[in-house]
Amino acid sequence: MKIGSFEDMEYVIQYPSGYVEGKRYPVLLFLHGAGTRGADIELLKNNVVLPTLLTRGEEFSFIVVAPHCKSGTWFDYFERLKRFVQSVFAAPYTDKERLYVLGMSMGGYGTWQLAMSMPTYFAAIVPICGGGMYWNAGQLINVPVWAFHGEKDPTVFVEESKKMVSAINQRGGRARLTLYPEAMHDSWTATVQNQAVFEWLLSQRNQNSEEAKDELSGNQMYG
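This report concerns the structure included in the present document. (Residues numbered from 1 in each chain as written. Predicted model: local features only at pLDDT ≥ 70, side-chain atom pairs only at ≥ 80, totals over all residues. Heavy atoms only, no water.)

## Regarding the packing of aromatic side chains
As enumerated under the stated definition, the model contains 13 aromatic pairs in all. Taking the centre distance of 5.8 Å and the plane angle of 85° together, the rings of Tyr 15 and Tyr 93 count as edge-to-face. In this pair, Tyr 15 sits in the loop between β2 (9-14) and β3 (25-31) while Tyr 93 sits in the loop between α3 (78-90) and β5 (94-104), placing the two residues 78 residues apart along the sequence. Relative accessible area serves as the criterion here: at 12%, Tyr 93 is assigned to the buried category. Each member of the aromatic cluster is reached from another via a ring pair, and the members are Tyr 15, Tyr 19, Tyr 25 and Tyr 93. Over the ring of Phe 89 we find Lys 96, and its NZ or CZ is 5.6 Å from the ring centre. Note that Arg 176 overlies the ring of Trp 146, its terminal NZ or CZ placed 3.6 Å from the centroid. (Phe/Tyr/Trp six-rings, centres within 6.5 Å; stacked < 30°, edge-to-face > 60°. Helix = DSSP H or I, 4+ residues; strand = E, 2+ residues; numbered from the N terminus. Buried < 20%, exposed > 50% of the residue type's maximum accessible area, 1.4 Å probe, protein only. Lys NZ or Arg CZ within 6 Å of the ring centre and 35° of its normal.)

Following this line, the structure appears as structure tokens:
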């Protein structure tokens with residue numbers, strides 16, 4: 001695992017064993033939750049989910065890239081985060097048809113918003129216990145989604161994921177939601193331990209060339 005910096009935003013990156021320079025690999029972008037914020041990059045390296053993602057990266061031969069939010073939220077870093085995604089997408093190691101994003105809690109919100117803001121960049125997304133602007137879900141009709149949430153979550157209510165998934169599917173998208181009936185806010189542990197999640201991710205290829213629907217611009221009912 002290596003540490004890098006992009007416009008003063010630190011990140012960690014791990015290449016799979018046997019990595020060959022010049023070869024393109026699937027890339028998983030990971031957005032951590034609020035508990036990992038802080039000035040020290042060690043907080044990110046010690047994130048509860050990241051070690052499992054790194055192990056999965058070795059098993060499935062994909063690169064893991066994880067930026068670090070030092071304070072505030074991902075929305076405070078958002079324009080920089082978008083430029084970071086663009087830089088990862090353009091990197092010589094990235095298979096442009098297989099760039100994915102997975103995020104939990106605060107990172108779940110970031111995952112939803114990144115995908116809605118940059119729908120042509122991602123082959124699939126995995127938002128965990130997050131939420132988003134479901135009225136803008138038309139942006140995701142071409143992005144496969146597998147969301148996860150604990151039904152007893154007292155921090156981010158399960159309705160947040162339900163609204164997003166329902167709004168995407170009502171518009172003809174491909175979103176699915178897995179609920180954990182007894183889980184509270186921690187719906188990430190079971191998710192990243194589920195091998196099927198990563199098999200599903202890597203089976204998805206970017207088919208986002210069709211222009212996403214924008215139902216809002218020029219419509220006075222949306223202000």
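## A look at the nonpolar core
By size, the foremost hydrophobic cluster in this structure holds 42 residues, and its most contacted members are Val 65, Phe 84, Trp 112, Leu 114 and Phe 122. Counting only elements with at least two residues in this core, the list comes to β2, β3, β4 (63-67), α3, β5, α4 (106-117), β7 (145-150) and α5 (159-170). If you tally residues by element for this core, the top one is α3, at 6 residues. Setting aside residues no more than four positions away along its own chain, Val 65 makes contact with Tyr 11, Val 12, Ile 13, Val 27, Leu 28, Leu 29, Phe 30, Phe 84, Val 88 and Tyr 93. Counting residues in hydrophobic clusters, the runner-up holds 31 residues, among them Cys 129, Phe 148, Tyr 180 and Val 197. (Core = buried A, V, L, I, M, F, W, Y, C linked by side-chain atoms within 4.5 Å. Contact = heavy atoms within 4.5 Å.)

## Concerning the pairing of strand β6 (residues 124-128)
Counting buried positions over the 5 residues of β6 gives 5, a clear majority of the element. Burial along β6 is two-sided: the residues Ala 124, Val 126 and Ile 128 and Ile 125 and Pro 127 are all buried. As judged from the 5 bridges shared by β5 and β6, these two strands associate in the parallel manner. In the strand pairing of β6, Leu 102 is matched with Val 126. In this view, the connection linking β5 to its parallel neighbour β6 by way of α4 has right-handed handedness. Pairing geometry for β6 and β7, over 2 bridges, is parallel. Along β7, the bridge assignment pairs Ile 128 with Phe 148. (Pairing = 2+ DSSP bridges. Right-handed = clockwise from strand over helix to strand, strands pointing away.)

## Some points on the state of the cysteines
Under the defined criterion, the tally for this structure stands at 0 disulfides. With no disulfide of its own, Cys 69 has Cys 129 as its nearest cysteine by sulfur position, at a separation of 16 Å. Accessibility expressed as a relative area gives 0% for Cys 69, which makes it buried. Judged by its relative accessible area of 0%, Cys 129 falls in the buried class. (Disulfide = S-S within 2.5 Å.)

## A look at the packing of helix α2 (residues 50-60) against helix α7 (residues 195-203)
Interaxial distance between α2 and α7 falls to 11 Å at its minimum, and their mutual angle equals 55°. Here α2 lies oblique to α7, going by the angle between them. The two elements α2 and α7 cross, and the hand of that crossing is right-handed. On the side of α2, the interface is formed by Leu 53, Arg 56 and Phe 60, while α7 contributes Gln 195, Phe 198, Glu 199 and Leu 202. When grouped by side-chain class, the residues that make up the contact of α2 with α7 number 4 nonpolar, 1 polar and 2 charged. (Axes fitted to C-alpha atoms, helices over the stretch in contact; angles between N-to-C directions. Parallel < 35°, antiparallel > 145°, perpendicular 65-115°, else oblique. Left-handed = near helix turned anticlockwise from the far one by under 90°. Nonpolar A, V, L, I, M, F, W, Y, C, P; charged D, E, K, R; others polar.)

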